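Below are the chains, spelled out letter by letter.
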Amino acid sequence: MKPAEVYILNKPEPFKSIMMHVQAVIIHTLPTAELKYKWKLPCYYIGKRPICYINQSKDYVDVGFWHSAYITKKFDPYLVSEKRKIVKSLRYKTLEGVNDGVLMDILKEVYEHKDKSFWR
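For the structure given in this document, a descriptive report is provided here. (Residues numbered from 1 in each chain as written. Predicted model: local features only at pLDDT ≥ 70, side-chain atom pairs only at ≥ 80, totals over all residues. Heavy atoms only, no water.)

1. Points about the side chain of Gln 23
Part 1: Mapped onto the elements, Gln 23 comes out in helix 2 (residues 15-29).
Part 2: Judged by relative accessible area, which is 16%, Gln 23 ranks as buried.
Part 3: In contact with Gln 23, not counting residues within four places along its chain, are Ile 8, Leu 35, Tyr 44 and Ile 54. (Helix = DSSP H or I, 4+ residues; strand = E, 2+ residues; numbered from the N terminus. Buried < 20%, exposed > 50% of the residue type's maximum accessible area, 1.4 Å probe, protein only. Contact = heavy atoms within 4.5 Å.)

As C-alpha cells, this is what we get:
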C-alpha cells in the first residue's frame, strides 16, 4: 500500500470517508493523475506537476490547489485562501458537503492550463 493511501486510511471518520470520496472524484475527472506522498500529504500529480493535495486539518478536509491563479473567479465563494498567497483550497466538514461538480470543474480548469509556464 502506498504511504498516501495509508495516510488516508488512518484518518478517523468522517475525514477518511471524505478523503476517499475526493480521491474518487479526482480519478474520475483526471484519470491520468497519479497519487504521490509529498510533504507528508497525499498529492495528485500529472507527470511531474502537482494538481492538488488532500489534508485533514482541525475539523475539516482541505483540498488544496497550488495553481489557484488559474481558477476562475466564479469559484471564489467556494475557495479559502486564509493567509496563503498562492494556495487556495476547498474545505469539507462532512461527506454531504462535498460538491462534486465544483471540485470537478476546478480540477478541469487547473488541468486545462497545463500548457502555461508553471507546467514547464
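Moving on from the coordinates now.
2. Notes on the packing of helix 2 against helix 3 (residues 100-112)
When two helices pack together, their arrangement is captured by the angle between the axes and the distance separating the axes.
Part 1: Axis separation between helix 2 and helix 3 bottoms out at 10 Å; the angle between their running directions is 45 degrees. The pairing of helix 2 with helix 3 is recorded here as oblique in orientation. When the axes of helix 2 and helix 3 are compared, the crossing they make is right-handed. For the pair helix 2 and helix 3, contact is made by His 21, Val 22, Val 25, Ile 26, His 28 and Thr 29 and by Asp 100, Leu 103, Met 104, Leu 107 and Lys 108, respectively.
Part 2: Among the residues making up the contact of helix 2 with helix 3, the classes are represented as six nonpolar, three polar and two charged. (Axes fitted to C-alpha atoms, helices over the stretch in contact; angles between N-to-C directions. Parallel < 35°, antiparallel > 145°, perpendicular 65-115°, else oblique. Left-handed = near helix turned anticlockwise from the far one by under 90°. Nonpolar A, V, L, I, M, F, W, Y, C, P; charged D, E, K, R; others polar.)

3. Points about the environment of Asp 59
Part 1: Relative to the helices and strands, Asp 59 is located in the loop between strand 3 (49-57) and strand 4 (60-65).
Part 2: For the pair Asp 59 and Leu 35, spaced 24 residues apart in sequence, the C-alpha to C-alpha distance is 23 Å.
Part 3: A polar atom in the side chain of Asp 59 sits 3.2 Å from the side chain of Lys 93. (Polar contact = N/O pair within 3.5 Å; in protein donor to acceptor, adjacent residues only side chain to side chain.)

4. Some words on helix 2
Part 1: With 15 residues, helix 2 extends 21 Å between its outermost C-alpha atoms, agreeing within 8% with the 21 Å of an ideal straight helix rising 1.5 Å per residue.
Part 2: Along helix 2, the residues classified as buried are Phe 15, Ile 18, Met 19, Val 22, Gln 23, Val 25, Ile 26 and Thr 29. Mapping the buried residues of helix 2 onto a view down its axis gives an arc of 165 degrees, with all of them on the same face. (Expected span 1.5 Å × (residues − 1). Arc of directions from axis to C-beta.)

5. Brief notes about unusual backbone geometry
Part 1: Glu 13 connects to Pro 14 through a cis peptide bond whose omega is 5 degrees.
Part 2: Note that Pro 14 resides in the loop between helix 1 (3-9) and helix 2.
Part 3: One non-glycine residue, Lys 40, adopts positive backbone phi at about 60 degrees.
Part 4: Mapped onto the elements of the fold, Lys 40 is located in the loop between strand 1 (34-38) and strand 2 (41-46).
Part 5: With relative accessibility at 65%, the residue Lys 40 sits in the exposed group.
Part 6: For Lys 58, which is not glycine, the phi torsion reads 55 degrees and is therefore positive.

6. A look at the nonpolar core
Part 1: Grouped together as the largest cluster of nonpolar side chains are 37 residues, with contacts concentrated most on Val 63, Phe 65, Leu 90, Leu 103 and Ile 106.
Part 2: Where this core is concerned, the elements lending two or more residues are helix 1, helix 2, strand 2, strand 3, strand 4, strand 5 (88-92) and helix 3.
Part 3: When residues no more than four places from it in sequence are discounted, the contact partners of Leu 103 are Val 22, Val 25, Val 63, Phe 65, Leu 90 and Tyr 92. (Core = buried A, V, L, I, M, F, W, Y, C linked by side-chain atoms within 4.5 Å.)

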